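An overview of the molecular structure
As a plain string of letters, each chain reads:
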Amino acid sequence: MTTAPHVPGPPPGPGVYPPFPAPPVEGKGKRIGWGLGIAAGVVVLICGGGVAALIGIGVSATGALQERAEAAVSDYLDAVEAKRYDDAYELLCDSTQEDESSAQFQARITGEEVITGYTLGDFNIVSMSMPVDVTYDSGASAELSAALEQDTDTGEFEVCSLGE
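Each value, and the rule that gives it
- Residues numbered from 1 in each chain as written.
- Predicted model: local features only at pLDDT ≥ 70, side-chain atom pairs only at ≥ 80, totals over all residues.
- Heavy atoms only, no water.
- Helix = DSSP H or I, 4+ residues; strand = E, 2+ residues; numbered from the N terminus.
- Contact = heavy atoms within 4.5 Å.
- Areas by Shrake-Rupley, 256 points an atom, 1.4 Å probe, with all protein chains shown as cover.
- Buried < 20%, exposed > 50% of the residue type's maximum accessible area, 1.4 Å probe, protein only.
- Core = buried A, V, L, I, M, F, W, Y, C linked by side-chain atoms within 4.5 Å.
- Pairing = 2+ DSSP bridges.
- Axes fitted to C-alpha atoms, helices over the stretch in contact; angles between N-to-C directions.
- Salt bridge = Lys/Arg side-chain N within 4 Å of Asp/Glu carboxyl O.
- Phe/Tyr/Trp six-rings, centres within 6.5 Å; stacked < 30°, edge-to-face > 60°.

1. Details of the overall build of the chain
Broken down by element type, the chain carries four helices and four strands. Listing each helix as α and each strand as β along the chain from the N terminus yields α-α-α-α-β-β-β-β. Counting only contacts in the chain whose residues sit at least 6 apart along the sequence, the fraction spanning at least 24 positions is 40%. Just so you have it, the chain exposes about 11400 Å², and 61% of that area is on carbon and sulfur atoms.

Set out below in structure tokens:
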């Protein structure tokens, strides 16, 4: 018996190999690698930019606090040096003004040695103080510490005390 020409042959039996050992993937691993690499690069850029921004904010804030503290201490010392005691009293923090009247402050300051010059140090954010090297009219010098407080109404620094 012969088979008709339009009938397919019998299915292949055991031992027949498919045309490919594994189905083609068309670069699937390469695409995943590129995708993961690009995603990692974006994450590094974003995190790196965030870290850089935080460092910049920290440096800027520290500089601003230093400037504000220097201004407060300088204004106070300039007023004391110029014997403008009422102005110096107004630059004191509220707690010091509550403890000492303007007349008491003036009597205390006039009894102390006169400051003729000063040099400010670096503001300490933790202790809210600033070292001040002062020179007195006698020629002697000393290292004092200006204790500062922030005014709750204005946000400006105010001198609470100046001492050793």
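2. Re the side chain of S74
Examined against the element boundaries, S74 turns out to sit in helix α1 (residues 28–81). What makes S74 buried here is its relative accessible area of 18%. Filtering out sequence-adjacent residues up to four positions away, S74 remains in contact with Y118 and L120.

3. Brief notes about the nonpolar core
A general trend in soluble globular proteins is that nonpolar side chains are found buried together. By size, the foremost hydrophobic cluster in this structure holds 25 residues, and its most contacted members are V73, Y76, F105, V134 and L148. No other element matches α1, which puts seven residues into this core. Non-local contacts of V73, meaning those with residues more than four positions away in its chain, are made with L120, M130, V132, A146, L148 and V159.

4. What about the sheet that holds strand β1 (residues 115–120)?
Either a parallel or an antiparallel arrangement is found when strands of a sheet pair, and the pairing is made through backbone hydrogen bonds. Read from one edge of the open sheet, four strands run β1-β2-β3-β4, paired in antiparallel fashion. The sheet is open, and its two edges are formed by β1 and β4 (157–163), each paired on a single side. Pairs of neighbouring strands in the sheet enclose a mean axial angle of 35°, with direction left out of account. The sheet contact formed by strand β3 (residues 141–150) and β4 spans six bridges and is antiparallel. Its bridge partner being in β4, L148 is matched across the sheet by V159.

5. Topic: the environment of E67
The topology assignment puts E67 in helix α1. Separated by 55 residues in sequence, E67 and D122 have C-alpha atoms that sit 9.8 Å apart.

6. Side note on the pattern of salt bridges
In the structure shown here, the tally under the stated rule is three salt bridges. With a shortest N-O distance of 3.0 Å, R84 and D87 are connected by a salt bridge. Since its relative accessible area comes to 40%, R84 is described here as partly exposed. Of the residues examined, D87 reaches a relative accessible area of 41% and is grouped as partly exposed. Across the pair R108 and E112 runs a salt bridge whose closest N-O atoms are separated by 3.3 Å. Its relative accessible area of 34% is what places R108 among the partly exposed residues.

7. Considering the packing of aromatic side chains
Counted under the stated rule, the structure contains three aromatic pairs. A centroid spacing of 5.7 Å and a plane angle of 50° characterise the contact between Y89 and F105, whose relative ring orientation is tilted. Of this pair, Y89 sits in helix α2 (residues 85–90) while F105 sits in helix α4 (residues 102–111), placing them 16 residues apart in sequence. Between the aromatic rings of F123 and F157, the centroid separation amounts to 5.2 Å while the plane-to-plane angle is 50°, which identifies the pairing as tilted. You can see F123 sitting in the loop between β1 and β2 (129–136) and its partner F157 sitting in strand β4, a full 34 residues away along the chain. Judged on exposure class, the residue F123 and its partner F157 are both buried. Members of the aromatic cluster, each reached through a chain of ring pairs, are Y76, Y89 and F105.

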